[in-house]
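# Report on the structure
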Amino acid sequence: MDKKFREFKKQLNRIYTNNKIYHKKMQEKHLMPNDITDWNDIKKLPLTTKEDLLKDYPNGWNCVDEEKIKIYHASSGTTGKPLIVGLTEKDILLREDTIITNAMFAGITKNDIVQICYGFGMFTGGFSFYDGLKKLGCKIIPTGTLSTQMQLFYMKKLNPTVLITSPSHAMHLYEKARQLEIDIKKIPLRIIRVGSELLTETMRKKIKKAWGERVSVTQDYGMTETLGPGLGMECQHENGMHLNDSYYFELIDPITKKPTTSNVGELVVTTIYNECFGLIRYKTNDLVEISTEKCSCGKESPRIIKFIGRTDDMLKVKGVKVFVSQIEDFLFTYPYFSHQYEIVLSNENYKDILTINIETKEEVIAEVNNNKKLVEQEFKNKFGITSEINILESNTLSTKLGKVKRVKDLRGVKI
Ligand SMILES: [Zn+2]
């Protein structure tokens, strides 16, 4: 029996004993921890869904007494009440070590000056990086969610070598710097580590073009449920996120929920070491493509090479299924569009209407408007859906930090 499996068995026993919700789910399948004797048996265990985690709110999922919890974090709660996750001392140490590994994958060293633009609130991003990078020995500029202008002020004065933020915020900082005529070439930035939102290859190219080809742009992947960033970590070769070996991953068919042998499917994660908030076969809702080919960095761990979309980011328009990430990829092939866009779904006479509002630079707006019909036609050719594309001036759409709401579905809204 390998060491990782032994640790998993300890975790399963603890969850079975302390977590009433998962205990009941196992009982319903007539399963005891001892029925699981190797990795192959894990398929017998019930899947965990986000809805399960919200039962007996807020402490129902915890495996430890409340006295052992040292800090609480929470998901953004954009689709209902926020999911609250408690961390014990052991979880905090685990998270610090995960961030150190994550930083090393990105190429960050103790000599770096790191500006963290994630919120220092209930969101895990800010504190995760703060704790981990402090332990690594970096110098930290915790600008958190300060205004873009103030973020740039500290960048200019304190010369960060690493920026940690979301892809859209990296672009927003660049555009604001351009407006304020700040010479960003003077900032000795060498790494932009993004997370919190999906980084498409077209967005990576946009960020590199903006900040300079010398800057490495890589991403990580994680979630509040698994203690924050570090489930997937891209190395400097920029070719997908290595899966963290401190977790166990499976792929399932998103429709049948059965394990799949394909390299494309919904990612399911099992925690091995987490103490308070252990997860067995957690459905992440993320549809991914995995590569098991050796990475150019020499590591053989499987990598997420593509995010196909979130099962809850899948839009059904006029009966056609389309992912927000596919629409984004399409929009970003036009160099004159900015990274700021929103997709609005509405309904007229029982017919779905898809509208895309997207920004462009003021100086080219007339010219871009001339191409509007062509873009709409190409959209129709690609997705088989008619769309209305509205071209707006810069700074028309809201640019809040954190997770940007890309879709407004007004179809169920009664006016
Ligand atoms: Zn690699």
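As the structure is a computational prediction, the values presented were derived from the model and not from experiment. (Residues numbered from 1 in each chain as written. Predicted model: local features only at pLDDT ≥ 70, side-chain atom pairs only at ≥ 80, totals over all residues. Heavy atoms only, no water.)

### As for the domain arrangement of the chain
Often the size quoted for an interface is simply the accessible area lost on bringing the parts together. Taken domain by domain, the chain holds domain 1 (88–310) and domain 2 (318–409). Between the C-alpha centres of domain 1 and domain 2 there is a distance of 26 Å. With both chains or domains summed, domain 1 and domain 2 bury close to 1,700 Å², and 58% of this area falls on carbon and sulfur atoms. Of all residues in domain 1, H172, T202 and K206 bury the most surface against domain 2, accounting for 27% of the area lost on that side. Applying the counting rule to domain 1 against domain 2 returns zero salt bridges. Scanning the region where domain 1 abuts domain 2 turns up five residue pairs in polar contact (both at pLDDT 80 or more). Looking at the side of domain 1 that touches domain 2, the elements that each hand over two or more residues are α7 (167–179), α8 (201–211) and β13 (303–310). Ranked by residues supplied to the side of domain 1 that touches domain 2, first place goes to α7 with seven residues. Tallied by class, the residues present in the side of domain 1 that touches domain 2 amount to seven nonpolar, twelve polar and five charged. (Domains from an automatic or database assignment. Buried area = accessible area lost by both parts, 1.4 Å probe. Salt bridge = Lys/Arg side-chain N within 4 Å of Asp/Glu carboxyl O. Polar contact = N/O pair within 3.5 Å; in protein donor to acceptor, adjacent residues only side chain to side chain. Helix = DSSP H or I, 4+ residues; strand = E, 2+ residues; numbered from the N terminus. Nonpolar A, V, L, I, M, F, W, Y, C, P; charged D, E, K, R; others polar.)

### Quick notes on the pairing of strand β11 (residues 264–271)
Taken across its eight residues, β11 has seven buried, putting it largely inside the fold. Bridge analysis of strand β10 (residues 247–252) against β11 gives six bridges, and the strand direction is antiparallel. Its bridge partner lying in β11, L251 is registered against L267. By the bridge criterion, five bridges tie β11 to strand β12 (residues 282–291) in an arrangement that is antiparallel. Residue pairing for β12: V269 is matched across the bridge by Y282. (Buried < 20%, exposed > 50% of the residue type's maximum accessible area, 1.4 Å probe, protein only. Pairing = 2+ DSSP bridges.)

### What about helix α9 (residues 324–331)?
Within α9, six of the eight residues are buried, leaving the element largely enclosed by the surrounding structure. Listing the buried residues of α9 in full gives V324, S325, I327, E328, F330 and L331.

### Examining the environment of I305
Its place among the elements puts I305 in strand β13. When its relative accessible area of 38% is taken as the criterion, I305 is described as partly exposed. Linking I305 and G240, residues 65 residues apart in sequence, is a C-alpha distance of 4.3 Å. Among residues more than four places away in sequence, those in contact with I305 are N239, G240, E289, I290 and S291. (Contact = heavy atoms within 4.5 Å.)

### Some words on the packing of aromatic side chains
Applying the stated criterion across every chain yields a total of 20 aromatic pairs. Ring geometry for Y22 versus W61: centroids 6.3 Å apart, planes at 75°, classification edge-to-face. Of this pair, Y22 sits in helix α2 (residues 20–28) while W61 sits in the loop between α3 (50–53) and β1 (69–74), and the two are 39 residues apart along the sequence. The two residues Y22 and W61 agree in class, both being buried. Here F332 and Y341 contribute two aromatic rings whose centre-to-centre distance is 6.0 Å and whose plane-to-plane angle is 85°, an arrangement assigned as edge-to-face. In this structure, F332 and Y341 share a single accessibility class: buried. (Phe/Tyr/Trp six-rings, centres within 6.5 Å; stacked < 30°, edge-to-face > 60°.)

### Section: α8
Across the eleven residues that make up α8, a large majority, eight, are buried. Among all positions of α8, only T202, M203, R204, K206, I207, K208, A210 and W211 are buried.

### A word on the sheet that holds strand β19 (residues 407–409)
Pairing is mixed in the open sheet, where four strands are placed in the order β18-β17-β16-β19. Each edge of the open sheet carries a strand with a single partner, namely β18 (387–393) and β19. Taken over all neighbouring pairs, the strand axes of this sheet differ in orientation by 20° on average, direction set aside. The pairing of strand β16 (residues 337–348) with strand β17 (residues 351–360) spans nine bridges and is classified as antiparallel. Bridging from a neighbouring strand, F337 pairs with T360 of β17. (Axes fitted to C-alpha atoms, helices over the stretch in contact; angles between N-to-C directions.)

### Section: the pattern of salt bridges
If you walk through the whole model with that rule in mind, you get 20 salt bridges. Here K25 makes a salt bridge to D52, at a shortest N to O gap of 2.6 Å. Taken together, the positions of K25 in helix α2 and D52 in helix α3 put the pair 27 residues apart, joining distant regions of the chain. The exposure class assigned to D52 is buried, which follows from its relative accessible area of 3%. E376 serves as the salt-bridge partner of K373, at 3.4 Å between the closest nitrogen and oxygen. Separated by three residues within a single helix, K373 and E376 lie in helix α10 (residues 365–383), roughly one turn from each other. K373 sits in the exposed class, given a relative accessible area of 59%. The exposure class assigned to E376 is buried, which follows from its relative accessible area of 11%.

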